[in-house]
Amino acid sequence: MKMKIGYDGKRAAQNFTGLGNYSRYAIEALAANYPAEEYLVYIPKEVDNKKFDTILSAAAGAVRTVLPTGRWNKAFRSLWRVWGVTGDICRDGVQVYHGLSNELPLNIGRASSKVKSVVTVHDLIFLKCPECYPFIDRKIYDYKFRRACVNADKVIAVSECTKRDIVENYGIAPEKITVIYQGCDALFAAPVTDEQKDNIRKKYSLPQKFIVSVGTIERRKNILSVVKALSKLPDDVHLVAVGRRTKYTAQVDEYIQKNGLQGRVHFLHGVPYADLPVIYRCADVFAYMSIYEGFGIPLLEALNSRVPVVAATGSCLEEAGGPYSKYVAPYDVDAIAAAIEECFLPSVREQMIARGVEWAAKFTPETFAQQTMECYRELVEGK
């Protein structure tokens, strides 16, 4: 029997980074591997998003979007998403509703016993690093995430680390939580020509030898530790940091100025997504000293791009980077510098690249789709 599955599609349609990437990845993987099922994506409003439109076109007939109807739902789209959408879910005969980004409609359990619910929880960073979030944001996230975990029939965690956090902080039974790993965009594993590399090097004035770090330039991502490590590395090694600047960047800039690193640190903001895989391919080492993560997709991007990885201990990054990447304490500058320097040794580098590609190959959309569909079917069939 054909299954009808609904999704909270706000992030898939409106978000262009982390949660949006996951939402699009999930819908695309499931539709591609199980095209006989029907996928309804509930979105508050239509937005110009070429990546999402591509998924809809490729899965024509299997995936369709659902917008709010009625004067009140259209007028209060945020309320529709957290409350009114349940009426549409029941009307459409949805059997499983999946909140792809940490939350579910607040009345999902009471709307209909026939609709089973799943929520994907990506991380509880706002509890682990409260200093990085405004007080009111922490309270809102905590309420929404906790309520979703309690109300859901099944919780999907993106890593074992996130599963532990859910159990410890929300008291959810471990057997209610399934860990399903996400992969990264296939673009990062695609071959890149020398001409493409040359064009990107010229476009962004990239140095010949550099460490790359990808992610918002914010305190939690801890790029300052990589900058400090840079001062202990040979002068011909540079750092290219790809990501949006925040107030924290001023602290990084101050250190750069005081330590004469102005010519060796390069910030790139607003990089088109299509350029990112080529930037990885031009890099010698990927460094990711984030204090806390839910999974760590940039590590998979780097491994698929054939770049050795040095990452921080303390959260989930070993799950993403695998046993052949290097891990050090996020504030141990000497250890960070030593690990990066080792990655430049030809014998070490070659082995890390080869083993890293093998590890990254485990995270496929096929495996993700299979495990997620098994989760849906268990709920619908009452197993």
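Residues numbered from 1 in each chain as written. Predicted model: local features only at pLDDT ≥ 70, side-chain atom pairs only at ≥ 80, totals over all residues. Heavy atoms only, no water.

Peer 1: Describe a nonpolar patch on the surface, listing the residues and the values that go with them.
Peer 2: Among the surface-exposed residues, Phe135, Ile136, Ile140 and Tyr141 lie close enough to one another that they form a single nonpolar patch of about 390 Å² accessible area. On the secondary structure map, Tyr141 appears in helix H8 (residues 135-151). (Patch = residues over 30% accessible without salt bridge, like charges linked within 9 Å, V, L, I, M, F, W, Y side chains within 5 Å. Areas by Shrake-Rupley, 256 points an atom, 1.4 Å probe, with all protein chains shown as cover. Salt bridge = Lys/Arg side-chain N within 4 Å of Asp/Glu carboxyl O. Helix = DSSP H or I, 4+ residues; strand = E, 2+ residues; numbered from the N terminus.)

Peer 1: Tell me what's going on with the pattern of salt bridges, and back it up with residues and numbers.
Peer 2: Taken as a whole and judged by the stated rule, the model has 20 salt bridges. With its nearest N and O atoms 2.9 Å apart, the salt bridge here joins Asp92 to Arg91. Asp236 is the partner of Lys209 in a salt bridge, and the nearest nitrogen-oxygen pair spans 3.2 Å. Here Lys209, found in the loop between helix H10 (194-204) and strand E8 (210-214), pairs with Asp236, found in the loop between helix H11 (223-230) and strand E9 (238-242); they are 27 residues apart in sequence, far enough to count as distant. Classification of Lys209 as partly exposed rests on a relative accessible area of 29%. Within the structure, one salt-bridge network assembled from shared partners comprises Asp8, Arg81, Glu103 and Lys144. (Buried < 20%, exposed > 50% of the residue type's maximum accessible area, 1.4 Å probe, protein only.)

Peer 1: Which residues make up unusual backbone geometry, and what are the values?
Peer 2: Residue Asn102 is not a glycine yet carries a positive backbone phi of 80 degrees. In this structure Asn102 comes out as buried when scored by relative accessible area, which is 6%. With a phi close to 65 degrees, Arg306 is a non-glycine residue in the positive phi region. Locating Arg306 in the fold gives a position in the loop between helix H14 (297-304) and strand E12 (309-312). By relative accessible area, Arg306 is classed as partly exposed at 43%.

Peer 1: Run through the side chain of Thr249, naming residues and quoting values.
Peer 2: The residue Thr249 is located in helix H12 (residues 248-258) in this model. A relative accessible area of 1% places Thr249 in the buried class. A polar contact is formed between the side chain of Thr249 and the backbone oxygen of Thr246, at a distance of 2.8 Å. Here Thr249 is in contact with Ile217 and Phe267, once residues within four sequence places are set aside. (Polar contact = N/O pair within 3.5 Å; in protein donor to acceptor, adjacent residues only side chain to side chain. Contact = heavy atoms within 4.5 Å.)

Peer 1: Describe the environment of Ile217, listing the residues and the values that go with them.
Peer 2: Its place among the elements puts Ile217 in the loop between E8 and H11. The buried category is assigned to Ile217, whose relative accessible area is 2%. Here the alpha-carbon distance between Ile217 and Arg138, two residues 79 residues apart in the chain, equals 20 Å. Contact partners of Ile217, with chain neighbours within four places excluded, come to Ile223, Ala241, Gly243, Arg244, Arg245, Thr246, Tyr248, Thr249 and Phe267.

Peer 1: Break down the state of the cysteines for me, citing the residues and quoting the values.
Peer 2: In total, this model carries zero disulfides according to the counting rule given. Note on Cys129: no disulfide assigned, nearest cysteine sulfur contributed by Cys132 at a separation of 5.1 Å. For the unlinked cysteine Cys375, the closest cysteine sulfur is that of Cys149, found at 13 Å. (Disulfide = S-S within 2.5 Å.)

Peer 1: Pulling in residues and values, what's your account of the nonpolar core?
Peer 2: Tyr39, Val212, Ile223, Val242, Phe286 and Tyr376 are the most contacted members of the largest nonpolar core, which totals 103 residues. Of the residues forming this core, the biggest block, seven residues, is contributed by helix H2 (residues 18-33). Membership of the second largest hydrophobic core comes to 26 residues, among which are Val85, Ala152, Val155 and Ala157. (Core = buried A, V, L, I, M, F, W, Y, C linked by side-chain atoms within 4.5 Å.)

Peer 1: How would you sum up the pairing of strand E6 (residues 154-157)? Please name residues and give values.
Peer 2: Of the two faces of E6, the one lined by Lys154 and Ile156 and the one lined by Val155 and Ala157 are each fully buried. In this structure, strand E5 (residues 116-121) lies alongside E6, joined through four bridges in parallel fashion. Its bridge partner lying in E6, Val118 is registered against Lys154. Two strands pair when backbone bridges link them, and E6 and strand E7 (residues 177-179) are joined in this way by three bridges, in the parallel orientation. (Pairing = 2+ DSSP bridges.)

Peer 1: Let's hear about the packing of aromatic side chains: which residues, and what values?
Peer 2: By the definition in use, this model includes 18 aromatic pairs. Between the aromatic rings of Tyr280 and Phe286, the centroid separation amounts to 5.7 Å while the plane-to-plane angle is 50 degrees, which identifies the pairing as tilted. Grouping aromatic residues by their ring pairs yields a cluster made of Phe188, Tyr273, Tyr280, Phe286 and Tyr288. Of note, Arg245 hangs over the ring of Phe267, and the distance from its end group to the ring centre comes to 5.0 Å. (Phe/Tyr/Trp six-rings, centres within 6.5 Å; stacked < 30°, edge-to-face > 60°. Lys NZ or Arg CZ within 6 Å of the ring centre and 35° of its normal.)

Peer 1: Just give me the short version of helix H9 (residues 160-170), but keep the residues and values in it.
Peer 2: Those residues of H9 lying buried are Cys161, Thr162, Lys163, Asp165, Ile166 and Tyr170. On its buried side, H9 packs onto E5, helix H7 (125-128), H8, E6, E7 and helix H15 (317-321). One or two residues past the end of H9 sits Gly171, with phi positive at roughly 65 degrees.

Peer 1: Before we move on, can you summarise the packing of H2 against helix H3 (residues 50-58) with the specific residues and values?
Peer 2: Two quantities define a packed helix pair, namely the angle between the helix axes and the distance between the axes. Contact geometry for H2 and H3: axes closest at 10 Å, N-to-C directions at 10 degrees. Classified by the interaxial angle, the pair formed by H2 and H3 is roughly parallel. Judged by residue contacts, Asn21, Arg24, Ile27 and Glu28 of H2 engage Lys51, Phe52 and Ile55 from H3. A class-by-class count of the residues in the contact of H2 with H3 yields three nonpolar, one polar and three charged. (Axes fitted to C-alpha atoms, helices over the stretch in contact; angles between N-to-C directions. Parallel < 35°, antiparallel > 145°, perpendicular 65-115°, else oblique. Nonpolar A, V, L, I, M, F, W, Y, C, P; charged D, E, K, R; others polar.)

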